[in-house]
Amino acid sequence: MSKYIFVTGGVVSSLGKGLAAASLAKLLEARGLKIAIIKCDPYLNVDPGTMNPFQHGEVYVTDDGAETDLDLGHYERFTNAKLSKDSSITAGKVYYSVITKERRGDYLGKTVQIIPHITDEIKERIKKLAKTDEVDITIVEIGGTVGDIESLPFLEAIRQMRWELGENYAINIHVTLLPYIKSAGEQKTKPTQHSVGRLREIGILPNILMCRTEKPITQEQREKIALFCNVDVEAVVEASDVKHIYEVPSALKKEGLDTLVLKKLNIKLPDKGLKAWEENVVKRLRSPVHEVRIAVVGKYIALQDAYKSIYEALVHGGIANNARVHIVKIDSESIEKGDPRKQLKGIQGILIPGGFGNRGIEGKIRTVQYLREKKIPFLGICLGMQIATIEFARNVCGLKGANSTEFDKDTKYPVISLLEEQKRVENLGASMRLGVFSCEIQKGTKSFEAYKRVTIEERHRHRYEFNNEYRAQLQQKGFIIAGRNEDKDLVEIIEIKDHPWFVACQFHPEFKSKPDAAHPLFEAFVTAAMKHSK
Ligand code: GLN
C-alpha cells in the first residue's frame, strides 16, 4: 500500500513547489523507494493544451500524449517516476467526469455535490496510480495557493485522505515564504503563520514547513515558526535560493528533509547519499571547462517558463559536453525588423523551438536563411522544422511564397500542410498528433551519428506535417529526409547537405532529456556549436 505526501503552497505562487516535490522524490528514490508523483491543478480547463503559453508556460507532453503542466517536466528530469495522463489531475477533468457520470445516471436519485462527489473523484484519481503500479510513496502536489477558492475541493480531498489513512501513512508538507523586509533588515514569519492558519481552518495540520527564503533562518526563528504553526522545530526546513535548480535536492538533503519525511512515515532505510547526482550533475554544472553561446529564437521569449524544457535540455547538452551554455533569448519579431548579423553576432548555435500562429514567422525564416548561409549549427524543433522547410523551399528551390497552410491557407506551395485526418478535427482540445511515435533514422546522417540507432521513439505535439508532394523537389537541391515514421510515411527529421550541423525534427526531443542523460540531439548540437568559432 502506498503512503502519501501532499505538498501544498502558501503566501504566494511561484515558490517552486514543483521543484520541491521533484527534489524530494529524487531524495526518496535515492533511498531505494519507488515513487509516483501527481500534480493537481485547480483550474477548469481539462488540460493546459488550449492555453496560451503566456498564461500557462510550456505545455509538457508525456509518452501517452497527455498535455500537462510543466511541473511534470521537473518530475521526469529529477526522477525515474513513470508519468502518464494519470499523473495530472485538473479540476476540469474531475468535473467533466462527474458531470458525465451524472448524465449517464450513475448517481440516480442523488443530489450531485462538491462533497462527496467531486472530492471522491479526486481521491479515486489520486489513488489510481498507486493501484496500478507497485508504488511505495505517492507525492501529490496541489497547484495554486492555500486560500484560493478553486483549490478547496482538492484540499478537502487530501484532508479526508489523511484522516482515513492515519498517521505514518500520509503527511503534508507546506511550502511557504519568509519574505525579507529590507528596510527592517528582517525576515518575516507572519505570512507563514497566516497561511498555516488558513490550512488549519480547513482541517489540515502541516507536518513539515518548507520555508523559501533568501537568507538563512536562525534557530530563534525556527523555534518561533514551530511554536506558532504547530510543527516540530526540526520540521521547519530551510529552502533557500540556490544557483541552479539541480542543486535543490542536495540543499534539502543538507536540511535533513529525507530523514525527516521517512521518520514521519515510519519507514526505516539506510542513507546511501546522493553521490551519482552530485558527481554527474551538480559538480559538472558548477565547474564546467568550456563555454558556448546558443541563441533561442522564438515568440514567447519574454516568459521564462514558455520554453522550460528547451532551456533545460540545452543545459543538459552542456553538462554532457562539460560546457556552460549561455542561452541568448531572441524575439523572432525583432529579427523581422532588425539585422540578424548584428543580433546573432558571437552566437555559435541557433535553436528554433515549437510554436503556433503567424506572429514572428518571417523573423524565424530569416534566421534560418542566415544560419544556413553562414553555416551556423542549427537545431529546429517542431515549428522549427517546418520553418526550415519553408525557408529551403523558398530560397533554395525558388518556390516563391512557399508556406505552411497554418500561416497562409492559399499559398501556391504548401510545403507544410494538414493531413486529411486533421482536416476533420472539430474540437481543438487534445486533438493534435500527441505523444510517442516511432521514427526510422537514415544511416550516414548527423541524426544517426547522434542517436547511434535506427529506431527511436519521440514525443509529438503538432497538427501540421511536411507535405510529401514536395519531397523529391527539395531532395534534388540537397534537402535530406533523415528520419521517417514508416506507419504513416511522415517526415520526422530533416537535414541539409554541405552544412556543419543542420538538424530539425517534427517531434519534441526536449521532453526526454535529463541532466544526467542529455538527449542525443541536444548533446550533439552543443558539441557542434562548441566547434563553431565565436
Ligand atoms: N504549429 C505547428 C503545428 O501545429 C507546430 C506545433 C509545434 O511547434 N508544437 O504543426
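Since the model is a prediction, treat every value here as computed from it, not as a measurement.

Undergrad: When you look at the overall build of the protein in this model, what are you seeing that I'm missing?
TA: When helices and strands are counted, the protein shows 20 helices and 23 strands. The globule rule puts the C-alpha radius of gyration for 534 residues at 24 Å, and the 25 Å found for the protein is close to it. Considering only C-alpha atoms, the protein reaches an extent of 75 × 65 × 45 Å along its principal axes. Looking at the 534 residues of the protein, the share that counts as buried comes to 57%.

Undergrad: Quick question: what am I supposed to make of the site of the ligand here?
TA: Within the structure, the ligand sits among G354, G355, F356, C382, L383, Q386, E406, R461, H462, R463, Y464 and H508. Between the ligand and R461 there is a distance of 2.9 Å, counted from a nitrogen atom to a backbone nitrogen or oxygen. Between the ligand and H508 there is a distance of 3.4 Å, counted from a nitrogen atom to a side-chain nitrogen or oxygen. The protein chains hide 98% of the 300 Å² of surface that the ligand would expose on its own. Those elements that provide at least two residues to the shell around the ligand are α16 (383-395) and β19 (455-462). Class assignment for the residues of the shell around the ligand results in four nonpolar, five polar and three charged.

Undergrad: Would you mind showing me how to read the sheet that holds strand β17 (residues 414-418) here?
TA: The pairing of strands in a sheet comes from backbone hydrogen bonds and takes either a parallel or an antiparallel form. Reading across the sheet, the three strands line up as β16-β17-β20 and stay open at both edges, with mixed pairing between neighbours. Of all the strands in the sheet, just β16 (403-404) and β20 (464-466) have a single pairing partner and so form its edges. Pairing of β17 with β20 involves three bridges; the strand directions are antiparallel. In the strand pairing of β20, I416 is matched with F466. Contacts between α16 and the sheet are confined to β16, β17 and β20, with β17 contributing the most and set at about 145° to the helix.

Undergrad: Sorry, what's going on with the nonpolar core here?
TA: Soluble globular proteins tend to bury their nonpolar side chains together. Formed by 59 residues in total, the largest nonpolar core has its most connected members in I5, L28, I137, I139, I208, M210 and V261. Core analysis: the second largest hydrophobic core is formed by 40 residues, L344, I376, Y470 and V491 among them.

Undergrad: What's the story with the pairing of β17 in this structure? I'm lost.
TA: Walk down a regular strand and you will see the side chains alternate between the two sheet faces. Within β17, four of the five residues are buried, which leaves it mostly tucked inside the rest of the structure. Two elements, β16 and β17, share two bridges in a ladder whose sense is parallel. Looking at the pairing, N403 lines up with P414 of β17.

Undergrad: Even after reading the chapter, I still don't get the packing of aromatic side chains, so can you show me in this structure?
TA: Two numbers describe a pair of aromatic rings. These are the distance of the centres and the angle of the planes. In the structure shown here, the tally under the stated rule is twelve aromatic pairs. Taking 5.6 Å as the distance between ring centres and 80° as the angle between the ring planes, the aromatic pair formed by F54 and Y300 counts as edge-to-face. Here the residue F54 occupies a position in helix α2 (residues 53-56), and Y300 occupies one in the loop between β12 (290-298) and α12 (308-320), the gap between them amounting to 246 residues. Aromatic pair W501 and F525: ring centres 5.7 Å apart, planes at 35°, arrangement tilted. Taken together, the residues span a long stretch of sequence, with W501 in the loop between β22 (490-496) and β23 (502-505) and F525 in helix α20 (residues 520-531) at a distance of 24 residues.

Undergrad: Got a minute to help me understand α16 in this structure?
TA: Along an α-helix, a turn takes 3.6 residues, which lines up residues three or four apart on a common side. Across its 13 residues, α16 extends 18 Å between first and last C-alpha, which sits within 8% of the 18 Å expected from 1.5 Å per residue. With twelve of 13 residues buried, α16 lies mostly within the body of the structure. For α16, the complete set of buried residues consists of L383, G384, M385, Q386, I387, A388, T389, I390, E391, F392, A393 and R394.

Undergrad: What is the right way to read the side chain of Q160 from this model?
TA: Take Q160: it is sitting in helix α6 (residues 152-165). Residue classification places Q160 among the buried positions, given a relative accessible area of 13%. Here the side chain of Q160 touches K123 through a polar contact of 2.7 Å, side chain to side chain. Within the local environment of Q160, its side chain forms a polar contact with the side chain of E156, the two groups lying 2.7 Å apart.

Undergrad: Got a minute to help me understand the packing of helix α1 (residues 17-30) against helix α3 (residues 71-78) in this structure?
TA: The description of two helices packed together rests on the angle between their axes and the distance between the axes. Packing of α1 against α3 leaves a shortest axis separation of 9 Å and a crossing angle of 20°. By the angle between their directions, the pair α1 and α3 is classed as roughly parallel. Taken as a pair, α1 and α3 cross one another with a handedness that is right-handed. Contact residues: α1 offers G18, L19, A21, A22, S23 and K26, while α3 offers D71, H74, Y75 and F78. Residue composition of the contact of α1 with α3, grouped by class: five nonpolar, three polar and two charged.

Quick notes on the rules
- Residues numbered from 1 in each chain as written.
- Predicted model: local features only at pLDDT ≥ 70, side-chain atom pairs only at ≥ 80, totals over all residues.
- Heavy atoms only, no water.
- Helix = DSSP H or I, 4+ residues; strand = E, 2+ residues; numbered from the N terminus.
- Rg over C-alpha atoms; globule rule 2.2 N^0.38 Å.
- Buried < 20%, exposed > 50% of the residue type's maximum accessible area, 1.4 Å probe, protein only.
- Near = heavy atom within 4 Å.
- Polar contact = N/O pair within 3.5 Å; in protein donor to acceptor, adjacent residues only side chain to side chain.
- Areas by Shrake-Rupley, 256 points an atom, 1.4 Å probe, with all protein chains shown as cover.
- Nonpolar A, V, L, I, M, F, W, Y, C, P; charged D, E, K, R; others polar.
- Pairing = 2+ DSSP bridges.
- Contact = heavy atoms within 4.5 Å.
- Axes fitted to C-alpha atoms, helices over the stretch in contact; angles between N-to-C directions.
- Core = buried A, V, L, I, M, F, W, Y, C linked by side-chain atoms within 4.5 Å.
- Phe/Tyr/Trp six-rings, centres within 6.5 Å; stacked < 30°, edge-to-face > 60°.
- Expected span 1.5 Å × (residues − 1).
- Parallel < 35°, antiparallel > 145°, perpendicular 65-115°, else oblique.
- Left-handed = near helix turned anticlockwise from the far one by under 90°.

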